[in-house]
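Structural overview for review
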Amino acid sequence: TCHAAIIARELGIPAVVGCGDATDKLAVGQEVTVSCSEGDTGNIYKGLLKFERSEQDLGELPKVGMKIMMNVGNPETAFTFGQLPNDGIGLARLEFVINNAI
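Nothing here was measured: the structure is a model prediction, and the numbers come from that model. Per chain, residue numbering runs from 1 following the sequence as it is written. With pLDDT at 70 or above as the cut-off, local features in this predicted model cover only qualifying residues; side-chain atom pairs require 80 or more to be listed or tallied, and sums for whole chains, interfaces and linings still use all residues. Side-chain numbers come from the whole structure's heavy atoms, not from hydrogens or water.

**Regarding the overall build of the chain**
Strands here mean DSSP runs of E at least two residues long; helices mean DSSP runs of H or I at least four residues long; both are numbered from the N terminus. From N to C terminus, the chain includes four helices and four strands. Mapped in sequence order, the helices and strands of the chain form the string α-α-β-β-β-α-β-α. Only protein chains enter the accessibility calculation, which uses a 1.4 Å probe. A residue is then buried if its area is under 20% of the maximum for its type, exposed if over 50%, and partly exposed in between. When the 102 residues of the chain are sorted by exposure, 13% land in the buried category. Working rule for contacts: check all heavy atoms of both residues, and any pair within 4.5 Å makes them a contact. A sequence separation of at least 24 residues applies to 35% of the contacts in the chain between residues at least 6 apart. Accessible area of the chain: about 8,800 Å², with a carbon and sulfur share of 56%. Here, Shrake-Rupley sampling with a 1.4 Å probe gives the accessible areas, and only protein chains in the shown set may cover a residue.

**Here we look at the layout of surface pockets**
Quantified by volume, the second largest pocket comes out at close to 220 Å³. Throughout this entry, Asp, Glu, Lys and Arg are counted as charged residues, while Ala, Val, Leu, Ile, Met, Phe, Trp, Tyr, Cys and Pro are counted as nonpolar. The remaining residues, Gly among them, count as polar. Among the residues forming the lining of the second largest pocket, the class breakdown is six nonpolar, one polar and three charged. Residues are called lining when one of their atoms sits within 4 Å of a cavity or pocket point, these points coming from a 1 Å grid over the protein atoms alone, where a cavity is a set in which a 1.4 Å probe fits but cannot get out and a pocket is an open set with protein on both sides within 12 Å along at least five of seven lines. Grid points are joined across faces, edges and corners, and a volume is the space filled by probe spheres set on the points.

**Some remarks on the pattern of salt bridges**
For salt bridges, the criterion is a side-chain nitrogen of Lys or Arg within 4 Å of an Asp or Glu carboxyl oxygen. Taken as a whole and assessed by the stated rule, the structure comprises one salt bridge. Across the pair lysine 25 and aspartate 21 runs a salt bridge whose closest N-O atoms are separated by 3.3 Å.

**Digging into the confidence of the model for the chain**
pLDDT measures how confident the predictor is about each residue, on a scale from 0 to 100. Residues with a pLDDT of 70 or more make up 82% of the chain, whose mean pLDDT is 78. No element of the chain has a lower mean pLDDT than helix 4 (residues 94-101), which averages 66, and none a higher one than strand 2 (residues 43-46), which averages 88.

**Structural notes on the side chain of threonine 33**
In this structure, threonine 33 sits in strand 1 (residues 32-35). With a relative accessible area of 18%, threonine 33 lands in the buried category. The residues contacting threonine 33, other than those within four sequence positions of it, are Asn43, Ile44, Tyr45, Gly47, Leu48 and Leu49.

**Concerning the environment of alanine 4**
The topology assignment puts alanine 4 in helix 1 (residues 3-11). Since its relative accessible area comes to 43%, alanine 4 is described here as partly exposed. Spatially, the C-alpha atoms of alanine 4 and glycine 18 are 9.6 Å apart, while their sequence positions differ by 14 residues.

**Focus: the environment of methionine 66**
Within the secondary structure, methionine 66 is located in the loop between strand 2 and strand 3 (70-71). What makes methionine 66 exposed here is its relative accessible area of 61%. When the C-alpha atoms of methionine 66 and asparagine 86 are compared, they prove to be 9.9 Å apart, with 20 residues separating the residues in sequence.

If you want it as structure tokens, here you go:
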């Protein structure tokens, strides 16, 4: 939710932010896998990991007469909500993350 993450997302540039020792452990050009699918905390793995993609049939969902855009505070739910018909999922704002934790 920091400005660096927002700018990187808008520019389509991969970014790792909020990691105190990332610049000590990662090198320019190093191949890593960045994953936020495990829950609230993102993980960085050395190298390019193999992964499996699965699909779920949601059936026919009705169209509505307005754009549906979402902000979510939990990366795990972002993946779930991303499968529903929508016009975009925004970056979670800190106030949503804090509210989710209270």
